[in-house]
Amino acid sequence: MSIQVIKPGMFTTIQDKGRIGYQKYGVLTSGGMDQLSLRVANLLAGNQESEAALEITLMGPGPVFTCQTDQLIAVTGADVEVDIDGESAPLWKPLFIPSGSTISFGPCKRGCRSYLAVAGGFDIKPVMQSKSTYVRAEIGGLKGRPLAKGDVLPIGKPSRLACGLTKMLTTKVRNRGYGAPDWTVNHAHFLPLHKSPVIRIVAGRHMAHFQEESQQAFFEQPFQVTPQSDRMGCRLKGEPIRLKKKLELMSEAVACGSVQIPPDGQPIILLADRQTTGGYPRMGEVATVDVPLIAQAMPGANLHFQRIDRQEAERVLVKQEEELRELTARIKLEAFSFRTGESHDKHK
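None of these values were measured; they are calculated from a predicted model.

## Description of the nonpolar core
Grouped burial of nonpolar side chains is what soluble globular proteins tend to show.
Move 1: If you look at the biggest cluster of nonpolar residues, it comprises 85 residues, and the most contacted ones within it are Leu54, Phe65, Phe105, Ile269, Leu303 and Phe305.
Move 2: Per-element tally for this core: the top contributor is strand S5 (residues 71-84), with seven residues.
Move 3: Core analysis: the second largest hydrophobic core is formed by six residues, Val202, Ala287, Val289 and Ile308 among them.

## Brief notes about the pattern of salt bridges
Move 1: In the structure shown here, the tally under the stated rule is 16 salt bridges.
Move 2: In this structure, Asp230 and Arg136 form a salt bridge, with 3.3 Å as the shortest nitrogen-oxygen distance. Taken together, the residues span a long stretch of sequence, with Asp230 in the loop between strand S11 (223-225) and strand S12 (233-237) and Arg136 in the loop between strand S8 (102-118) and strand S9 (152-154) at a distance of 94 residues.
Move 3: For Arg136, a relative accessible area of 54% puts it in the exposed group.
Move 4: Among the ionic pairs, Asp182 bridges to Lys172, the shortest N-O distance being 3.9 Å. Of this pair, Asp182 sits in the loop between helix H2 (160-170) and helix H3 (187-190) while Lys172 sits in the loop between H2 and H3; the two residues are ten residues apart in sequence, bridging distant segments of the chain.

## What to know about the pairing of S8
Move 1: Inspection of the sheet shows strand S3 (residues 53-57) paired to S8 by four bridges, in the antiparallel sense. Note that in S8 the partner of Ile56 across the bridge is Ser114.
Move 2: When strand S4 (residues 64-67) meets S8, the two strands line up antiparallel, connected through three bridges. Along S8, the bridge assignment pairs Thr66 with Thr102.
Move 3: Two elements, S5 and S8, share ten bridges in a ladder whose sense is antiparallel.

## Thoughts on the environment of Ser37
Move 1: Secondary-structure assignment places Ser37 in helix H1 (residues 35-44).
Move 2: Overall, the relative accessible area of 0% leaves Ser37 in the buried class.
Move 3: Along the chain, Ser37 and Leu116 lie 79 residues apart, while their C-alpha atoms are 9.5 Å from each other.
Move 4: Side-chain polar atoms of Ser37 contact the side chain of Asp34, separated by 2.5 Å.

## Describing H1
Move 1: Within H1, nine of the ten residues are buried, which leaves the element mostly enclosed by the surrounding structure.
Move 2: The complete set of buried residues in H1 reads Leu36, Ser37, Leu38, Arg39, Val40, Ala41, Asn42, Leu43 and Leu44.
Move 3: Following H1 by one or two positions, Gly46 has its phi on the positive side, about 80 degrees.

## So, the sheet that holds strand S15 (residues 268-270)
Move 1: Sheet architecture is closed into a barrel: seven strands sit in the order S10-S17-S14-S15-S12-S11-S18, paired in mixed fashion. Each strand of the sheet is rotated relative to its neighbour by a mean of 40 degrees, with strand direction disregarded.

Cut-offs used in this document
Residues numbered from 1 in each chain as written. Predicted model: local features only at pLDDT ≥ 70, side-chain atom pairs only at ≥ 80, totals over all residues. Heavy atoms only, no water. Core = buried A, V, L, I, M, F, W, Y, C linked by side-chain atoms within 4.5 Å. Buried < 20%, exposed > 50% of the residue type's maximum accessible area, 1.4 Å probe, protein only. Helix = DSSP H or I, 4+ residues; strand = E, 2+ residues; numbered from the N terminus. Salt bridge = Lys/Arg side-chain N within 4 Å of Asp/Glu carboxyl O. Pairing = 2+ DSSP bridges. Polar contact = N/O pair within 3.5 Å; in protein donor to acceptor, adjacent residues only side chain to side chain. Axes fitted to C-alpha atoms, helices over the stretch in contact; angles between N-to-C directions.

Below you can see the structure in the form of structure tokens.
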């Protein structure tokens, strides 16, 4: 089983949960920028949520793929136009795609990264226990690079859940080029895409070293996402954030969502391909549940910051994880209910 790349799009790579446990050796984590969308795409495709999927960066028309065999897929993330053989297909649902079908990604309405998961995941060799692509070091993914025209992506063996979902959806193809369920994930709840999102911030250990006016301005003024942003970090432009006095710091470990303030006073939010350590003072840390909103912010978007405490950040994260577990259970129930009904029919 495989998928062939007809057009690779601007920047399409294979990503999973990332290379966990290797930062102490200087190895970057990488992985999906929007981990929430990646996890949900995998759940909808009947995979383990940590499986690798395609991360598709969208700045105009996206990639085009051809399924060389029947496939169960799911597309999540940005609000983007997706066509199956020229027919508009829904997002945030499992989709049965017959062999020979073409999947095309069009322009984005909101957000800038989509995730395409296929049942069975991509059958490629992990590097340091991860299939994630880190392009600068040319490791992971498909030969350590973005996808190119003509690439053939091998697909692994689907799970029992994926097979159950596939059987259910083959009955729903009818006159369309794909099969989709009547239900969908409430993506507006999981990933509320807005032109000017509010990002929750937990105060960093260096916040008190910044001028009072700068601390106040950080949470009152908008910051614009610049075109220099990439997988390493979201670079912002706004009123410069100033220290009370020069601060000498030793490099220390940084995390996804760390808000660093370099000498020019323009914040950088560290993301998936961040360095393992950093020496710039940190204003704060983005709440984990809001990191996907940073990943989906296009250049030119305005971000607003809201201060919360660590307890609140943990509370909303726990709530989100509970909702993901509930979603997992519901997907399994849909597939199980169909199999049970099929079994009853056979015994009538």
